[in-house]
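Below are the chains, spelled out letter by letter.
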Amino acid sequence: MRLAVSVALLVLFVGFVALGVWQVQRLAWKTALIAQVDARVHAAPTPAPGPDQWPVVTRQDDQYRRVVLRGTYLHDKETLVQAVTDAGAGFWVMTPLVDARGFTVLVNRGFVPPGRKTPETREDGQTAGPQTVVGLVRITEPKGGFLRANDPQHDRWRSRDVAAIAARRGLGDVAPYFVDADATPNPGGWPLGGLTVIRFPNSHLIYALTWFGMALLTLVGLALFRREWRRPADRGET
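This report concerns the structure included in the present document. (Residues numbered from 1 in each chain as written. Predicted model: local features only at pLDDT ≥ 70, side-chain atom pairs only at ≥ 80, totals over all residues. Heavy atoms only, no water.)

Re the pattern of salt bridges
Phase 1 of the analysis: Tallied over the full model, the rule gives seven salt bridges.
Phase 2 of the analysis: Residue Asp99 is joined to Arg101 by a salt bridge in which the shortest nitrogen-to-oxygen separation is 2.9 Å.
Phase 3 of the analysis: In this structure, Asp180 and Arg138 form a salt bridge, with 2.8 Å as the shortest nitrogen-oxygen distance. Of this pair, Asp180 sits in strand β9 (residues 174–181) while Arg138 sits in strand β6 (residues 131–139), and the two are 42 residues apart along the sequence.
Phase 4 of the analysis: Look at the salt bridges and you will find they share partners, linking Arg138, Glu141, Arg160 and Asp180 into a network. (Salt bridge = Lys/Arg side-chain N within 4 Å of Asp/Glu carboxyl O. Helix = DSSP H or I, 4+ residues; strand = E, 2+ residues; numbered from the N terminus.)

Considerations on a nonpolar patch on the surface
Phase 1 of the analysis: A cluster of nonpolar residues, Leu3, Val7 and Val11, forms a patch on the protein surface that exposes about 290 Å² of accessible area.
Phase 2 of the analysis: Topologically, Leu3 is positioned in helix α1 (residues 2–42). (Patch = residues over 30% accessible without salt bridge, like charges linked within 9 Å, V, L, I, M, F, W, Y side chains within 5 Å. Areas by Shrake-Rupley, 256 points an atom, 1.4 Å probe, with all protein chains shown as cover.)

Quick word on the nonpolar core
Phase 1 of the analysis: Judged by nonpolar contacts, the single largest core of 17 residues is most densely connected at Leu69, Leu97, Val105, Val107, Val133, Tyr177 and Val179.
Phase 2 of the analysis: Going through the elements one at a time, β2 (66–73), β5 (104–112), β6 and β9 are the ones with two or more residues in this core.
Phase 3 of the analysis: Counting residues per element, this core draws most heavily on β9, at four residues.
Phase 4 of the analysis: Beyond its immediate chain neighbours, meaning those up to four positions away, Leu69 contacts Ala48, Leu97, Asp99, Arg101, Val105, Val107, Gln131, Thr132, Val133 and Val179.
Phase 5 of the analysis: Core analysis: the second largest hydrophobic core is formed by 13 residues, Trp92, Met94, Val162 and Val174 among them. (Core = buried A, V, L, I, M, F, W, Y, C linked by side-chain atoms within 4.5 Å. Buried < 20%, exposed > 50% of the residue type's maximum accessible area, 1.4 Å probe, protein only. Contact = heavy atoms within 4.5 Å.)

Re the environment of His75
Phase 1 of the analysis: Positionally, His75 belongs in the loop between β2 and β3 (79–85).
Phase 2 of the analysis: Here His75 falls in the buried class, since its relative accessible area comes to 16%.
Phase 3 of the analysis: Residues His75 and Thr95 lie 20 residues apart in sequence; the distance between their C-alpha atoms is 6.2 Å.
Phase 4 of the analysis: Once residues lying within four places of it in the same chain are set aside, the contact partners of His75 are Thr95, Arg109, Gly125, Gln126 and Thr127.
Phase 5 of the analysis: Within polar-contact distance, the side chain of His75 engages the backbone oxygen of Thr127 at 2.6 Å. (Polar contact = N/O pair within 3.5 Å; in protein donor to acceptor, adjacent residues only side chain to side chain.)

Following this line, the structure appears as structure tokens:
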């Protein structure tokens, strides 16, 4: 019995240490990721990936990359996606842009409140002719939001699902990513761009300290158990 308890405590100690080490490794990974994304966000914009690059566009390598597009908006094919932002609840305005290089990219031009939902309420912002857009690459958000699926048939969108939106609008071949436009003001003030939220929860240090603390407590428990185990024998020897 005593041996079994000792072995169990040792197993717990080793397990807690392993979990702590794993969290330290995760902390290093998360810190590197945050630094990498920060560098992307503040880098000089590069041309948005074209069709020859689409097969290798990934969340790990391209999310939040700062890019530039030059082309013409298809305002008659815009899509509104439900949004909750620092500016309140409303919609993202997702508008196809035909790049001068010959392909189409969905651009999240920014946020509009419910009162600006229809294009007629923000006519100045329906810019015509060639446009230059600087923004951040975002990876498609398929299927829908938390517990709420997209409903393409009724044109109700909870997430920015590039393929589904492109199919609903008859856009054909579209980039597998979308671009969040930066805070450059649109005529008339709407849509309101530059509201991309970049947040990476990083609690790995707390988790690591917790697991190492549990390991230490287990070690203390083992020492106390062994001391109590020996006491009857010590009393018998005196």
